[in-house]
Amino acid sequence: MQNTRQITEFRRCTRNKIIYTKSCFAHMCEVLQSLRNDEVFCDVKLVTEDDNKIIFAHKVVLASACRYFHAMFTKFAERNLDIIVIRDINPTALRLLVDFMYSGRIIITEENVKILLSTSDLLQLEEVTEQCCYYLQDQLCPENCIDIYATADLYSCTILLANSERYIQQYFSEVVAGDDFLSLSAALFIQLISSDKLASSEEKVFESVIRWVKHDSNLRKYALPQLMEYVRLPLTSKKYILDKVVEESLIRNCCKCKSFINEALNFQILKAEKYCSIPQNIRHKPRYGDNVMLVAGETFTGVCKKMKWYDPKTNRWQYGPEIITSREGAGLAVLKDHLVVAVGGFDKDNNEYLRSVTVVDVSSKSLCWKPSVDMIVKRKYPVVGVINDYLYAVGGVNNVDGNLNSAEMFDYNTQEWRMISGLPSKRSRFGGAVLNNLLYVVGGRGISMQNLDTVECYHPGLDKWKPVAKMSVRRSGVGVGVLDGVLYAVGGHDGYNTLNSVEAYRPSTGVWTSIADMYHARKYAGVVALNGLLYVVDGHDDSLYMGLYLGSSECYDPQTNSWTMVTALKHDERIHSRVVAFNRPRHLTTC
């Protein structure tokens, strides 16, 4: 048959080269597996102590696929043996993992996941260990989370350990309703109930302690005082203390526990007089996981006067108090831990930029917004932040000056606003947050309509703005939040596309570093830290056809560098969301 391929004209010699890579090695794997099944060229037989079945294999295949066997056949005496007894290993798991080394395929089930995890950990097959952890993570439920947590701890599975611990903290009430927690050691039980991140009422914590002790009271009653040290009785009601705690027989018969009751009752009396006079300890501190989130912003159809809050204990939304004035683009902040303040904005009903400020006391049972002291300058989309009970309002836009670089400060004690040093240049659509008593402003758009990667921070003691390291990406409409001493710049727009990228700034290093991308690209999203996670709420993606208004949320876990979609936070889409978090008000029930 004639070769139809055309020969091109010879050219002068060059140094070019062709690199060819075989696209698939599946056939080679099949041949190796076939040779093993037929016991052809096999130079090693593996035998476990628990059965007499022989696993035939090729040393070169095992050594290339597994670090354990690579070390065995290159550094130890077994390299010269053709029969090797593998001790302290499950024979079924070993067969499955040897098959995996030849085929690259393994089936993980509820029945074999634990033996595969322990065996792959011993053989240092990290990819199988990782897949076992993913399987267990997907199976987490109140009935098995403690067992999975113990398994993750045993095999040092960092991500699974963090996720299972967070699951226990989030669903503590359901977990302690089962029987698995009764087998916990005192040390692990204390570790759980001492955590600030526990999302549970103190009543439930107390009841779980009593139930755990009563499960084996002869041995466990001696641990009761140590356990009660971490029950935050002062945060329960006086009625509960008198009706339930005082009347509990275990407590009545424990002299050391009575001091905790007295402390709690004294707290109930003193807090009505002057909270700040009460000596503070861990039992007076609301748990890190006992926070709620309040969201304000504009929906696709216009300004929404109704605010909503998200309760992680019930995993539900509730409507909050309706704001007095229609405020498009208002800033939102929390003063004194219980005063939510809405600052400035634009009143569409009256076509007016606002300098007015309204406030709601979320600790009050009768929630309603009340007018506060007006700002000096009208501001829509200001960046707001609180430092030592001083409220700051920076930048924004109005109908007189356009983009603003001015800034002002409200002194809560004197109830007065005063101007402070303005930003170095005018900008709009930027984000901001407070970190280490400094107010950071991040990204935005400059007067030349160019998106910015610049960052500045305000020093209250110096009344000066200072530049900070630039971000790696230009971001206007960026969401900014702070979690555990780290500043996060979330999403935004780089001038071409809406971004799903996120970067983090640590003052200790003075540099921005990229972290895992979000699931969705978002600009104008609300960002807030809640229960040890960074939540990103709503936003807008105009990179898509006709744009997409996102009525969804996701949260970032810094321990695992991963994002999770929060299905419970799907709700009415808010284009420009402002979000704050605060300690749960007593009137907000968990039912």
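Residues numbered from 1 in each chain as written. Predicted model: local features only at pLDDT ≥ 70, side-chain atom pairs only at ≥ 80, totals over all residues. Heavy atoms only, no water.

**Regarding the overall build of the protein**
Regarding its fold elements, the protein presents 16 helices and 34 strands. Relative to all contacts within the protein whose residues are 6 or more apart in sequence, the contacts with residues 24 or more apart total 54%. With an accessible surface of roughly 30,100 Å², the protein has 50% of that area assigned to carbon and sulfur atoms. (Helix = DSSP H or I, 4+ residues; strand = E, 2+ residues; numbered from the N terminus. Contact = heavy atoms within 4.5 Å. Areas by Shrake-Rupley, 256 points an atom, 1.4 Å probe, with all protein chains shown as cover.)

**Things to note about helix α10 (residues 186-193)**
Listed as buried for α10 are L188, F189, I190, L192 and I193. Lining the buried residues of α10 we find α7 (145-154), α8 (158-170), α9 (172-175), α11 (202-215) and α13 (224-228). (Buried < 20%, exposed > 50% of the residue type's maximum accessible area, 1.4 Å probe, protein only.)

**Some remarks on the environment of L499**
Inspection of the secondary structure puts L499 in the loop between β25 (486-490) and β26 (502-506). Overall, the relative accessible area of 11% leaves L499 in the buried class. Sequence spacing of L499 and D517 is 18 residues, and the spatial spacing of their C-alpha atoms is 8.9 Å. If near-sequence neighbours (up to four positions away) are discounted, L499 is found in contact with V473, R474, R475, G491, G492, H493, D494, M518, A521 and R522.

**Overview of the packing of helix α4 (residues 91-103) against helix α5 (residues 113-123)**
Orientation of α4 relative to α5, taken along the N-to-C sense of each, is 60°, at an axis distance of 9 Å. In this structure, α4 meets α5 at a crossing whose hand is right-handed. Of the residues in α5, those touching α4 at T92, A93, L94, L96, L97 and M101 are I115, L116, T119, S120 and L123. For the contact of α4 with α5, the residue count by class is 8 nonpolar, 3 polar and no charged. (Axes fitted to C-alpha atoms, helices over the stretch in contact; angles between N-to-C directions. Left-handed = near helix turned anticlockwise from the far one by under 90°. Nonpolar A, V, L, I, M, F, W, Y, C, P; charged D, E, K, R; others polar.)

**Brief notes about the nonpolar core**
In this structure, L62, F69, L224 and M228 are the most contacted members of the largest nonpolar core, which totals 75 residues. If one sorts the elements of this core by residue count, α4 sits on top with 7 residues. Once you skip the residues sitting within four places of it in the chain, F69 turns out to touch L46, L62, A63, I86, M101 and L123. (Core = buried A, V, L, I, M, F, W, Y, C linked by side-chain atoms within 4.5 Å.)

**A look at unusual backbone geometry**
Leaving glycine out, the prevailing phi sign among residues is negative, and the prevailing peptide bond configuration is trans. One non-glycine residue, D337, lies in the positive phi region at around 70°. Structurally, D337 can be placed in the loop between β8 (331-335) and β9 (339-347). In the Ramachandran plot, Y524 falls in the positive-phi region, its phi being about 60° despite a non-glycine side chain. On the secondary structure map, Y524 appears in the loop between β27 (511-515) and β28 (526-530). Taking the relative accessible area as the measure of exposure, Y524 reaches 16% and is therefore buried.

**As for the packing of aromatic side chains**
Counting across every chain of the model gives 15 aromatic pairs. Taken together, a centroid distance of 6.3 Å and an interplanar angle of 90° make the contact between F206 and Y240 edge-to-face. Placement of F206 in helix α11 and of Y240 in helix α14 (residues 238-245) is noted, with a sequence separation of 34 residues between them. The residues F206 and Y240 share a single accessibility class, namely buried. Ring-pair connections join several aromatic residues into one group, and the members of that group are Y68, F69 and F73. Positioned above the aromatic ring of W212 is the side chain of R220, whose terminal nitrogen or guanidinium carbon lies 4.1 Å from the ring centre. One Lys or Arg, R427, reaches over the ring of F430 and ends 5.7 Å from the middle of that ring. (Phe/Tyr/Trp six-rings, centres within 6.5 Å; stacked < 30°, edge-to-face > 60°. Lys NZ or Arg CZ within 6 Å of the ring centre and 35° of its normal.)

**Some details on the sheet that holds β25**
Reading across from one edge, β24-β25-β26-β27 is the order of the 4 strands in this open sheet, with antiparallel pairing throughout. Bordering the open sheet on either side are β24 (479-483) and β27, each of which pairs with just one other strand. Here the strands of the sheet are splayed against their neighbours by 25° on average, with no regard to which way each runs. Relative to β25, β24 runs antiparallel, the two being bridged by 5 bridges. When the bridges of β25 are listed, V482 appears paired with L487. (Pairing = 2+ DSSP bridges.)

**A few points about the pattern of salt bridges**
A full pass over the atoms with the stated rule returns 16 salt bridges. The residue R379 makes a salt bridge to E408 at a minimum N-O spacing of 3.0 Å. In this pair, R379 is assigned in the loop between β11 (370-371) and β12 (383-387) and E408 in strand β16 (residues 407-411), connecting sequence segments 29 residues apart. Pair check on accessibility: R379 and E408 agree, each one buried. Among the ionic contacts, a cluster of salt bridges with common partners joins E328, K348 and K380. (Salt bridge = Lys/Arg side-chain N within 4 Å of Asp/Glu carboxyl O.)

**Notes on the environment of L332**
Here L332 shows up in strand β8. Along the chain, L332 and Y381 lie 49 residues apart, while their C-alpha atoms are 9.9 Å from each other.

**What about α14?**
Among the residues of α14, those classed as buried are Y240, I241 and V245. Down the axis, α14 shows its buried residues gathered within 100° of arc, on one side only. (Arc of directions from axis to C-beta.)

**Some details on the pairing of strand β3 (residues 83-86)**
Residue alternation in β3 divides its side chains into a buried set, I84 and I86, and an unburied set, I83 and V85. Summarising the sheet, strand β1 (residues 44-48) and β3 pair through 4 bridges and their orientation is parallel. Looking at β3, one finds that V47 is bridged to V85.

**Examining the sheet that holds strand β17 (residues 416-420)**
An order of β12-β13-β16-β17 is seen for the 4 strands of this open sheet, with the pairing classed as antiparallel. Either end of the sheet is taken by a strand with one partner, and the two such strands are β12 and β17. Each neighbouring strand pair of the sheet contributes to a mean axis angle of 25°, computed without reference to strand direction. Relative to strand β13 (residues 390-394), β12 runs antiparallel, the two sharing 5 bridges. Of the residues in β13, the one forming a bridge with G385 is Y392.

**Considering the packing of α7 against α8**
Relative to each other, α7 and α8 sit at 155°, their axes nearing to 9 Å. On the basis of the axis angle, α7 is roughly antiparallel to α8. As α7 packs across α8, the resulting crossing turns out to be left-handed. Packed against α7, whose contacting residues are C145, I146, I148, Y149, A152 and D153, the element α8 presents L160, L161, S164, E165, Y167 and I168 at the interface. In the contact of α7 with α8, the residues fall into 9 nonpolar, 1 polar and 2 charged. (Parallel < 35°, antiparallel > 145°, perpendicular 65-115°, else oblique.)

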